[in-house]
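# Chain and residue survey
One letter stands for each residue in the lines below.
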Amino acid sequence: HLGKHGIICMEDLVHELITVGKSFSHVTKFLYPMKLNSPLGGLAQKKPQSGEVSQTGNQAEKINDLIRRMN
């Protein structure tokens, strides 16, 4: 479906979403059936106090748990 818009891989899809490119509406319509609910238990929104380390950076090992909570 998206190949005719020049989107042939995940990198193309992510790029189109991040840059809000010319095929953004086609990408969002393609992804709509995969809409996820809010995660059970919510997201951790605690802001770090001065001197504390925040949870930024690569969180790849936690993505599967987050997706499970969103189904």
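Before reading on, note that the structure itself is shown above.
Throughout what follows, the structure given in this document is the object of discussion. Only a predicted model underlies this, so the values are computations on that prediction, with no experimental measurement involved.

Turning our attention to the side chain of Glu16. Inspection of the secondary structure assignment puts Glu16 in helix α1 (residues 10-19). In terms of polar contacts, Glu16 uses its side chain to reach the backbone amide nitrogen of Lys22, at 3.0 Å. Leaving out residues up to four positions away in the same chain, Glu16 has contacts with Ile7, Gly21, Lys22, Ser23, Phe24 and Val27.

Turning our attention to the side chain of Ser23. Checked against the element boundaries, Ser23 lands in the loop between α1 and α2 (24-31). With residues near it in sequence (within four places) discarded, Ser23 still touches His5, Ile7 and Glu16.

Here Gly6 is to be found in the segment before α1. Remark: the alpha-carbon pair of Gly6 and Ser23, spanning 17 residues in sequence, is separated by 8.7 Å.

Basis of the calculations
- Residues numbered from 1 in each chain as written.
- Predicted model: local features only at pLDDT ≥ 70, side-chain atom pairs only at ≥ 80, totals over all residues.
- Heavy atoms only, no water.
- Helix = DSSP H or I, 4+ residues; strand = E, 2+ residues; numbered from the N terminus.
- Polar contact = N/O pair within 3.5 Å; in protein donor to acceptor, adjacent residues only side chain to side chain.
- Contact = heavy atoms within 4.5 Å.

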